[in-house]
Amino acid sequence: MSAVPLSPVAIPDEAPVSLWRDAWYRLKRNKLAVFGLIVVLILAFAAIFGPYLTPFDYLSQDLQARNAAPSLQHLFGTDDLGRDVFSRVVFGTRTAFLVAVIVTVIAVFIGTVLGAIAGFFGNPFDRIIMWVTDMTMSVPNLLLVVVINASLKSPITKWMEAQYLATLNPFYRQTIWVDFMLVFGSMALISWPPYARLVRAQVLSIRSRPYITAAQALGLSNWIIMKRYVIPNALGPLIVSVSAGLGTAMVLESAFSFLGVGVNPPTPSWGNMISDGLRVWQHYPHLLAAPAAVLGLASVAFSFLGDGLNDALNPRGAK
Amino acid sequence: MTQAMNTTRSNEKLLDVRGLTVEIDGRNGPAVVVDGIDLYVNRGETLGVVGESGCGKSLTMLSLMRLLPNKIKVTKGSASFDGHDLQKMSNKELRKVRGGDIGFVFQDPMTSLNPVMRIGDQICEPLIYHRGMKKAEARVRAVELLRLVGIPGPEERLQAYPHELSGGMRQRVMIAIGLACNPKLLIADEPTTALDVTIQAQIVDLVKDLRAKLGMSVVWITHDLALIAGLVDRVAVLYAGTVVEDAPVDELYARPSHPYTRGLLASIPKLSDAPASRLSSIGGTPPEPGRRPKGCPFAPRCPLAEAICHERVPKLEPISGAGNHRTACFVVQKMQEAA
């Protein structure tokens, strides 16, 4: 069959550089992106290991030292119950990351699946999915979260209490999980539509490009075309959007906690710390400044990283 | 033709398209864009498909492979390839043919390669998929293919992204991908249109060379009659979605019979033309898909048109004297009978 002779030739074993390594190379040369990446890594480290490394427990109170100003012992001072603000900010990082990562993963998953179906298979899927997307986007975020929290929180808490009384399993006393579940659920519910729209638009534009027809003419299956041709080409904007979305989710979680519909005290969240700090900021500005500064820093860092990734992941933009 | 047929080639038809009709679902109902096309390609033969923009050349080839966009459908006719009807195959069987037995080279090498995939991987794709090769084997073959299509330093080029190559190089890569599985038929859809003239000649020479080496059939779609003169064995001239003339290449150039073919040939500028002479052209434009004339589609622009041309559609019929010279024109057929 083979009319073209096959002769042994020396070939480099594997690609010495991959798309990702190229991207990393370009990312490294972008100062803002590197700054963003470093901040994100520090925050991630703090989120994972921080609570084990802080000198104080985030809940332990020292009523002798309430509202203390920042000192060597208490880097960010103490709050109105004498709790170490630094430890609380560090634990708040964990809350923020946990919420941001889980919410974004859920939202991206829902958005990508729905967007890809809408874009690839067209009507009637497209019409129905976009209808649901528009409808979700038209509901005011805050209202939806408040409604979900108000309507579901008390029944779930009651159910957990009943379960605890019935089984005496201490798991059911950890209301922190109820908080998280409600926060994750309601935030994911409002966060997916932008991803669905983005992925749909990407898939729609990529689907009509000549290299997709060329791939079909090669006899590749829809699945391979989706995996190797459509998604990698749609990935750049999605990764950028995810990076920015993580920052947004953190801010959103803080906003909800600030308003009292997010994570409830005593679990520290930047949002509820800002909320507490705001009441006394004229007297104890460090209580507001510490969580607000960290929140701002995190948000900016994710933004920079997202922009850097956008440039890095586009091989055509290589300088 | 005579020279072309002297080489040992069986006359068995590899591709046989009969009465293929393609319609677009437009706002004003379906519009016919390809109207009952009859085409065939013999084994080892190179067919040139010629016609002006929008006459259905590309649509015909895409419809063979069932690669038409959503609103465009094949409504009538059959296309058999190697004895199997492409229109009736299951999707799975069809995928085996695509890229396996039929290689495709697209018009625009700038956009027909996946921009985020290294060209080595893109060449390996059909080998892994159709031939079940391992990655390492496929890479050996990919280097071989790149060398075959004349890309210098093929080992390093495997690592290149499409944007790192020039247009001519990319088209060579496209051809390498099209040839990867040793197809029986290579369909090249205006493969040189996006390239400059010197590169066009290189690509034509390359395909000529490869055809001799690999013994495959080639369908070369183009609007440039002059370009393919030395490349193809036979030419099918398309006008408004129908074949108006079909003849061996030498015969076509020596004795073009359909008024449209004659117009096309006359509009190629020659060096011997007087410097001040006007370029010859065919007046008017092809009919829009939704507004085809009742009779011969070329009749409104035809200098020879008679009453019957506006009433009935001529069939593609052999003209006397030459066995495989066929023309769809009442006037020519009548003149032949009179002679």
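Remember, it's a predicted structure, so these values are computed and weren't measured experimentally. Think of each chain on its own: its residues are numbered from 1, step by step along the sequence as written. Going through the entries in the order they are written, you letter the chains from A and number the ligands from 1. Since the coordinates come from a predicted model, pLDDT governs what is reported: local features require at least 70, and pairs of side-chain atoms require 80 or more to be given and counted, while whole-chain, interface and lining totals use all residues.

The subject of this paragraph is the overall build of chain A. Under the scheme used here, helices are H or I runs from DSSP no shorter than 4 residues and strands are E runs no shorter than 2 residues, and both carry numbers assigned from the N terminus. Assigned secondary structure in chain A consists of 10 helices and zero strands. The linear arrangement of helices and strands in chain A, starting from the amino end, is α-α-α-α-α-α-α-α-α-α. Within the span of chain A, comprising 319 residues, buried residues form 41% of the whole. Throughout, a pair of residues is in contact if the C-beta atoms placed from their backbones lie within 7 Å. Of the contacts formed within chain A by residues at least 6 apart in sequence, a portion of 69% connects residues at least 24 apart. As a rule, residues whose C-beta atom has 12 or fewer other C-beta atoms within 10 Å are exposed, those with 20 or more are buried, and those in between are partly exposed; C-beta atoms are placed from the backbone.

Time to look at the overall build of chain B. When helices and strands are tallied, chain B shows 12 helices and 12 strands. Each radius of gyration is computed over the set of C-alpha atoms, and the globule rule expresses the reference value as 2.2 Å times the number of residues to the power 0.38. In summary, chain B has a C-alpha radius of gyration of 21 Å against a globular reference of 20 Å for 339 residues, a match within 12%. Considered along the principal axes of its C-alpha atoms, chain B spans approximately 65 × 50 × 40 Å. In chain B, the proportion of contacts linking residues at least 24 apart, taken out of those at least 6 apart, comes to 64%.

With that out of the way, let us pick up the sheet that holds strand β12 (residues 326-327) of chain B. Backbone hydrogen bonds hold the strands of a sheet together, and the pairing may be parallel or antiparallel. With mixed pairing, the eight strands of this open sheet are ordered in space as β6-β7-β8-β3-β9-β10-β12-β11 (chain B). The open sheet has two free edges, formed respectively by β6 (102-105) and β11 (317-318) of chain B, since each of these has just one partner strand. For two strands to count as paired, DSSP must find a minimum of two bridges between them.

In this section: the confidence of the model for chain A. All names here are of chain A. Taken over all residues, the pLDDT of chain A has a mean of 78, while the share at 70 or more is 83%. pLDDT measures how confident the predictor is about each residue, on a scale from 0 to 100. Within chain A, the lowest mean pLDDT, 75, falls on helix α1 (residues 19-28), and the highest, 89, falls on helix α4 (residues 125-138). Taken together, the stretch residues 10-16 has pLDDT below 50 and engages in seven contacts with residues farther than four places along the chain or on a different chain.

What follows concerns the sheet that holds strand β2 (residues 29-42) of chain B. All names here are of chain B. Here four strands make up an open sheet; going across it, the order is β2-β1-β4-β5 and the pairing antiparallel. The open sheet terminates on both sides in strands that have one partner only, identified here as β2 and β5 (84-85). Bridge analysis of strand β4 (residues 72-81) against β5 gives two bridges, and the strand direction is antiparallel. Looking across to β5, one finds that Ser80 is bridged to Asp85.

Another point: the interface of chain B and chain A. If you look at the interface, chain B gives 39 residues, while chain A gives 29 residues. Residue assignment for the side of chain B that touches chain A shows that the elements contributing at least two residues are α3 (91-97), α4 (119-131), α5 (135-148) and α8 (197-214) of chain B. Three residue categories are used. Nonpolar comprises Ala, Val, Leu, Ile, Met, Phe, Trp, Tyr, Cys and Pro, charged comprises Asp, Glu, Lys and Arg, and polar comprises the others, including Gly. Of the residues contributing to the side of chain B that touches chain A, the split by class is 17 nonpolar, 11 polar and 11 charged.

Here we take up the nonpolar core. Membership of the largest hydrophobic core comes to 169 residues, with the highest contact counts inside it found for B:Leu145, B:Ala176, B:Leu185, B:Ala188, B:Val219 and B:Val237. Ranked by residues supplied to this core, first place goes to helix α3 (residues 85-121) of chain A with 15 residues. When near neighbours in sequence (up to four residues on either side) are disregarded, B:Ala176 contacts B:Ile123, B:Leu145, B:Leu146, B:Leu148 and B:Val149. By convention the nonpolar core is taken to be a set of buried residues drawn from Ala, Val, Leu, Ile, Met, Phe, Trp, Tyr and Cys and joined through C-beta atoms within 7 Å.

Residue and element names in this part refer to chain B. The backbone of Asn182 sits at a positive phi, close to 50 degrees, despite the residue not being glycine. Its location among the elements puts Asn182 in the loop between α7 (167-179) and β7 (185-189). A positive phi is found at Glu190, a non-glycine position, where the angle reads about 45 degrees. Along the chain, Glu190 falls in the loop between β7 and α8. On the neighbour-count criterion, Glu190 (19 C-beta atoms within 10 Å) is partly exposed.

What follows concerns the environment of B:Cys181. Summarising the element assignment, B:Cys181 is placed in the loop between α7 and β7. Residue B:Cys181 is classed as buried on the basis of its C-beta count, with 24 C-beta atoms lying within 10 Å.

Once that is clear, we can look at the packing of α4(B) against α7(B). Helix-helix packing: each pair is described by the crossing angle between the helix axes and the interaxial distance. All names here are of chain B. Their axes nearest at 8 Å, the elements α4 and α7 cross at an angle of 25 degrees. With respect to each other, α4 and α7 are oriented roughly parallel. α4 and α7 meet at a crossing whose hand is right-handed. Contact residues: α4 offers Ile119, Gln122, Ile123 and Pro126, while α7 offers Val173, Ala176 and Ile177. In the contact of α4 with α7, the residues fall into six nonpolar, one polar and no charged. Working convention: axes come from line fits to C-alpha atoms, limited for helices to the stretch in contact. Angles between N-to-C directions cover 0 to 180 degrees. An angle counts as roughly parallel when it lies under 35 degrees, as roughly antiparallel when it exceeds 145, as roughly perpendicular when it falls between 65 and 115, and as oblique in every other case. Each crossing gets its handedness from the near helix: less than a right angle anticlockwise from the far helix is left-handed, clockwise is right-handed.

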